[in-house]
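An overview of the molecular structure
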Amino acid sequence: MGTEQDFWRERWQGHRTGWDLGGAHECLVPLLKLFAKVSLIESLGAPGPLRIYSPGCGRAHDGAAIVSRSIPLPPSLAARQIEVMATDFAPEAIDAAREIYGNLTGKGLSLAVEDARADVPVAEKQKFHVVFDRAMLCALRPDLRPAYLRACHDRLAPGGIFLSLPFTRIEDTPEHPPGSGPPFEISMANLETLMADHHFRLLAAEKVVVRRPDTIIKEEALTVFEAIKKRKKILTG
Ligand SMILES: C[S@@+](CC[C@H](N)C(=O)[O-])C[C@H]1O[C@@H](n2cnc3c(N)ncnc32)[C@H](O)[C@@H]1O
């Protein structure tokens, strides 16, 4: 049986990338607005640049839109110098991203092949202020999520923010029967519990009804979580 990485590489090699919107996600602007409303962007990592980690980035449209400022950014974000590190473990994805956005590398966008579930090297720990997740958590089988969330938490500086657009309702079809995936549906209640188990606290969430007729995704959510300190386990008895 092939590995997870083989599965995704085959999708890329076979040009089966139906999730790709060809540009920034339509929810990116409202998600960043919500982020600005509930967090103090001006103090995150200041006075240095705001560092964003974008795992499972595919063609990196969202990261590119942020660094190139081709979408309207909320004022507190627009005032910051921003660096985005966009990664994917399919080299084909990163090659495709380089082809489109190679001009932005060295101008705030970095692209790298990397497994977002792997242990985080010391130099990368607490390096980022924000994780941006679009269709990464929901691309993972539920048993693969804990390692991913642990790695994201490790990458975030204290008080860092996890921004996500989870698929909160997916239509069941013969090709996509209940519980199958990717993509995998996750309800808001289950997401909140999963994130709390991995030391993330929900700051804000907004439901979005998806109006694209070509997709089985029927509802997404804008979600903003804050990384909280891991509590030490106290051994008793
Ligand atoms: C559904 S696609 C979403 C791509 C992109 N975020 C977008 O919105 O267009 C999921 C992506 O995650 C990548 N991926 C899956 N598991 C990964 C992992 N463990 N580490 C890094 N990338 C991963 C896949 O190669 C694929 O490009």
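What you see is a predicted model; the values in this text were computed from it and never measured.

A word on the side chain of Glu226
As for its position among the elements, Glu226 is in strand 8 (residues 217–227). Of the polar contacts made by the side chain of Glu226, one reaches the side chain of Arg201; its length is 2.5 Å. Residues in contact with Glu226, not counting those within four places in the same chain, are Gly159, Gly160, Ile161, His199, Phe200, Arg201 and Leu203.

Some words on the layout of surface pockets
It is the rolling of a water-molecule-sized probe over the atoms that shows where space remains empty. In this model, the largest pocket occupies a volume close to 920 Å³. Taken together, 42 residues make up the lining of the largest pocket; nearest its centre are Trp8, Trp19, Asp20, Arg134 and Ala135. Of all the secondary-structure elements, those providing two or more residues to the lining of the largest pocket are helix 1 (4–13), strand 1 (50–55) and helix 3 (61–68). Here the lining of the largest pocket gets four residues from one element, more than from any other, and that element is helix 1. Each residue belonging to the lining of the largest pocket can be placed in one class, and the counts come to 20 nonpolar, ten polar and twelve charged.

Regarding the site of the ligand
In the vicinity of the ligand lie 16 residues, with Gly56, Asp88, Asp115, Ala116 and Arg134 positioned nearest. At 2.9 Å from a nitrogen atom of the ligand is found a side-chain nitrogen or oxygen belonging to Asp115. One of the side-chain N or O atoms of Arg134 is found 2.7 Å from an oxygen atom in the ligand. For the ligand, whose unbound accessible area comes to 590 Å², protein coverage reaches 96%. Judged by the proximity of its atoms to the pocket grid, the ligand belongs to the largest pocket. Class assignment of the residues belonging to the shell around the ligand gives a composition of nine nonpolar, two polar and five charged.

Rules used throughout
- Position labels on residues start from 1 in each chain and follow its written sequence.
- Selection of residues for local features in this predicted model requires a pLDDT of at least 70, selection of side-chain atom pairs for listing and counting requires 80 or more, and totals for whole chains, interfaces and linings are taken over all residues.
- Only heavy atoms go into the side-chain values, all of them from the structure, while hydrogens and water stay out.
- A run of H or I in DSSP becomes a helix once it reaches four residues, and a run of E becomes a strand once it reaches two; helices and strands are each numbered from the N terminus.
- Polar contact is the term for a pair of N or O atoms within 3.5 Å; when the atoms are in protein, one must be able to donate a hydrogen and the other to accept it, and sequence-neighboring residues count only if both atoms are side-chain atoms.
- Any two residues whose heavy atoms approach within 4.5 Å at even a single point are treated as in contact.
- Method remark: on a 1 Å grid restricted to protein atoms, a set of points is classed as a cavity if a 1.4 Å probe fits but cannot get out and as a pocket if it is open with protein on both sides within 12 Å along at least five of seven lines; lining residues have an atom within 4 Å of a point.
- Grid points are joined across faces, edges and corners, and a volume is the space filled by probe spheres set on the points.
- Each residue is assigned to one class: nonpolar for Ala, Val, Leu, Ile, Met, Phe, Trp, Tyr, Cys and Pro, charged for Asp, Glu, Lys and Arg, and polar for all the others, Gly among them.
- Whether a residue is near a molecule or strand depends on its heavy atoms: it is near if one of them lies within 4 Å of it.
- Computed with the Shrake-Rupley method and a 1.4 Å probe, the accessible areas treat only the protein chains shown as cover for residues.
- A pocket or cavity is taken to hold a molecule when more than half of that molecule's atoms are within 2 Å of the pocket's grid points.

Just geometry here; none of it tells us what the structure is for.
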